[in-house]
Amino acid sequence: MKNRFLITMLSGVLAAGAVCALPASTTVQGNAEGISTYEAVSGFESLDEFYTMKFANRFGEVRLNDDTQFISEGQASAKLEVWGYINKNAANPVMTVPLTGENQKNLKRLRSVTFDLFNQTGEACEISVALQVDGFTTEYQTVSVNAGKNEVEVAFDMVGVALAADLTKGEAVLIEFPQAKDYASAQTNVFYVDNLGLSMSLKEPDPMTIVLDENEFCSFDKDYQKYMIAVGGVGPTIGSQPILSINEDLNYVSGGTGKSLKVVLPTGLPPINDGWPYFTFIDALFEEVDFARYADEGYSFCFDVYNTGAAFNFGFEIHARNTQSNNYSVAFTCEKGWNSFSFRLSDWNNVTEEKPVKLTDNLNDFFISYGKFATSEKTFYFDNFRFVK
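I will try to describe carefully the structure that is included in this document.

### Re the overall build of the protein chain
Logical step 1: Per the secondary structure count, the protein chain includes five helices and 25 strands.
Logical step 2: Relative to the globule expectation of 21 Å for 389 residues, the C-alpha radius of gyration of the protein chain, 23 Å, shows essentially globular dimensions.
Logical step 3: Summarising its shape, the C-alpha atoms of the protein chain cover approximately 70 × 55 × 45 Å along the three principal directions.
Logical step 4: By the burial criterion, 51% of the 389 residues in the protein chain qualify as buried.
Logical step 5: Intrachain contacts of the protein chain at a sequence separation of at least 6 include 78% that bridge at least 24 residues.
Logical step 6: Summed over its atoms, the accessible surface of the protein chain is roughly 17,700 Å², and 46% of this surface lies on carbon and sulfur atoms.

As structure tokens, this is what we get:
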């Protein structure tokens, strides 16, 4: 099974626009930063709401709470006794709350996700929030919460998400909680959640466009390119997928100017011998590039990698849009320090009677993948994906 997570190196709140007519279900809010609307997602008022939610990774116990000291609005809230796998290398428990109303699903104007969290663990900790949109999961945004009541607000830059996903197809809000430290403390790893909603701008922000230099695929130097990347995996890879960020340390930038992509490969979670994490680029970028022309004109596809540790093997997997072409894959080894890799586009085109279309005429995407490992995390810097003749 493949799963894909969109990386959106985040930002702040989107700017609000002029006042306009509002649906009756929305609430208008005003503050120093502007005017927004509020869409309620869940007040956790009944068990019927709980039955629509999902709780993953050995989540623990979920109850309807009526103790008013842990309710911010209405008559009830969610009481979460969070367990987890009690293993620091395991994925944390995740609560998934679906977006069911049409106003909730349309995230074009989303500024932030808001909710009240009562942290009854007795100490400060971190939680993380993500969105599911059009089959993608955005990058989790981590916030620190104090013991006691917290008013949580997590901003999402939907302009970047829109390059990869249809923002009218919002699916869910995901909240990741820390797992219990041990079995003895599982019953005291308690949180209450109430009043989950969406803060919306009154005006949709202007869309972002992709502009490429000559022979460029992705240099990571342009601001929009932080939205071009996604992570995923084949098989069981949740918790083992690469962690991506934009690097500005020139020691790890090809050519010594601009930016690069920092790729941290975390220690793999069991089963170690099953599952292949990868990173890739979003569909919108592949659609902008004419691989067929570059192949016909004799170009190679190239990129540079800086490896901070021992030699490590990756797979480069190129996939066709349909069954009319053969896929292509090749392994490459990154030695310590700088590496440059070049792949002739003509080598990708293994045309047969059964598969008569060139892959470069029918290219869907490519992955840079690797096998999970049990040793400590590894760090690489990828840069300057380009076409060279």
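### A look at the environment of Glu317
Logical step 1: Looking at where Glu317 falls in the secondary structure, it is placed in strand β21 (residues 312-320).
Logical step 2: Assessed through its relative accessible area of 27%, Glu317 is described here as partly exposed.
Logical step 3: As a C-alpha pair, Glu317 and Ser369 span 52 residues in sequence and 7.6 Å in three-dimensional space.
Logical step 4: At 2.5 Å, the side chain of Glu317 forms a polar contact with the side chain of Ser369.

### Looking at the pattern of salt bridges
Logical step 1: Overall, the coordinates contain eleven salt bridges when judged by the stated rule.
Logical step 2: Residue Glu123 pairs with Lys181 through a salt bridge whose shortest N-O separation is 2.7 Å. Within this pair, whereas Glu123 is found in the loop between β8 (110-119) and β9 (125-133), its partner Lys181 is found in the loop between β13 (170-176) and β14 (190-201), the two being separated by 58 residues in sequence.
Logical step 3: What makes Glu123 partly exposed here is its relative accessible area of 36%.

### Description of the environment of Lys108
Logical step 1: One can find Lys108 in the loop between α2 (102-105) and β8.
Logical step 2: Taking C-alpha positions, Lys108 is 6.1 Å from Glu204, a pair spaced 96 residues apart along the chain.
Logical step 3: If we skip the residues at most four places from it in the chain, Lys108 touches Leu167, Thr168, Glu204 and Pro205.

### Some remarks on the packing of aromatic side chains
Logical step 1: Counted according to the given criterion, the structure contains 56 aromatic pairs.
Logical step 2: Between the aromatic rings of Phe286 and Phe291, the centroid separation amounts to 6.4 Å while the plane-to-plane angle is 25°, which identifies the pairing as stacked. Each member of the pair Phe286 and Phe291 is classed as buried.
Logical step 3: Pairing Phe303 with Phe341 gives two aromatic rings, centres 5.8 Å apart and planes at 45°, and the pair type is tilted. Here Phe341 lies in strand β23 (residues 337-344) and Phe303 lies in strand β20 (residues 300-307), a separation of 38 residues in the sequence. Judged on exposure class, the residue Phe303 and its partner Phe341 are both buried.
Logical step 4: Over the ring of Tyr294 we find Arg293, and its NZ or CZ is 4.3 Å from the ring centre.
Logical step 5: The ring of Phe373 carries Lys378 above its face, with NZ or CZ at 4.7 Å from the centroid.

### Considering unusual backbone geometry
Logical step 1: Here Pro270 and Pro271 are connected by a cis peptide whose omega angle stands at 0°.
Logical step 2: Looking at the element boundaries, Pro271 is found in the loop between β18 (260-265) and β19 (276-281).
Logical step 3: Within the chain, Arg58 stands out as a residue other than glycine whose phi angle is a positive 50°.
Logical step 4: Tracing the chain through its elements places Arg58 in the loop between β4 (54-56) and β5 (60-65).

### Considerations on the nonpolar core
Logical step 1: If you look at the biggest cluster of nonpolar residues, it comprises 88 residues, and the most contacted ones within it are Phe177, Phe217, Phe281, Phe291, Phe301 and Phe382.
Logical step 2: Aside from chain neighbours lying at most four places away, what touches Phe177 is Phe59, Leu80, Val82, Asn92, Pro93, Met95, Leu117, Ile127, Phe191 and Val193.

### A short note on the environment of Tyr85
Logical step 1: Positionally, Tyr85 belongs in the loop between β6 (77-82) and β7 (94-98).
Logical step 2: Exposure remark for Tyr85: the relative accessible area of 40% places this residue in the partly exposed category.
Logical step 3: Sequence-wise, Tyr85 and Ile246 are 161 residues apart; in three dimensions their C-alpha atoms are separated by 31 Å.
Logical step 4: Sequence-distant contacts of Tyr85, defined by excluding residues within four places in its chain, comprise Asn57, Arg58, Ala90, Ala91, Gln179 and Tyr183.

### A word on the side chain of Thr114
Logical step 1: Turning to its location among the elements, Thr114 is positioned in strand β8.
Logical step 2: For Thr114, a relative accessible area of 16% gives the class buried.
Logical step 3: With residues near it in sequence (within four places) discarded, Thr114 still touches Tyr38, Val152, Glu153, Asn195, Leu196 and Gly197.

Conventions adopted
Residues numbered from 1 in each chain as written. Predicted model: local features only at pLDDT ≥ 70, side-chain atom pairs only at ≥ 80, totals over all residues. Heavy atoms only, no water. Helix = DSSP H or I, 4+ residues; strand = E, 2+ residues; numbered from the N terminus. Rg over C-alpha atoms; globule rule 2.2 N^0.38 Å. Buried < 20%, exposed > 50% of the residue type's maximum accessible area, 1.4 Å probe, protein only. Contact = heavy atoms within 4.5 Å. Areas by Shrake-Rupley, 256 points an atom, 1.4 Å probe, with all protein chains shown as cover. Polar contact = N/O pair within 3.5 Å; in protein donor to acceptor, adjacent residues only side chain to side chain. Salt bridge = Lys/Arg side-chain N within 4 Å of Asp/Glu carboxyl O. Phe/Tyr/Trp six-rings, centres within 6.5 Å; stacked < 30°, edge-to-face > 60°. Lys NZ or Arg CZ within 6 Å of the ring centre and 35° of its normal. Core = buried A, V, L, I, M, F, W, Y, C linked by side-chain atoms within 4.5 Å.

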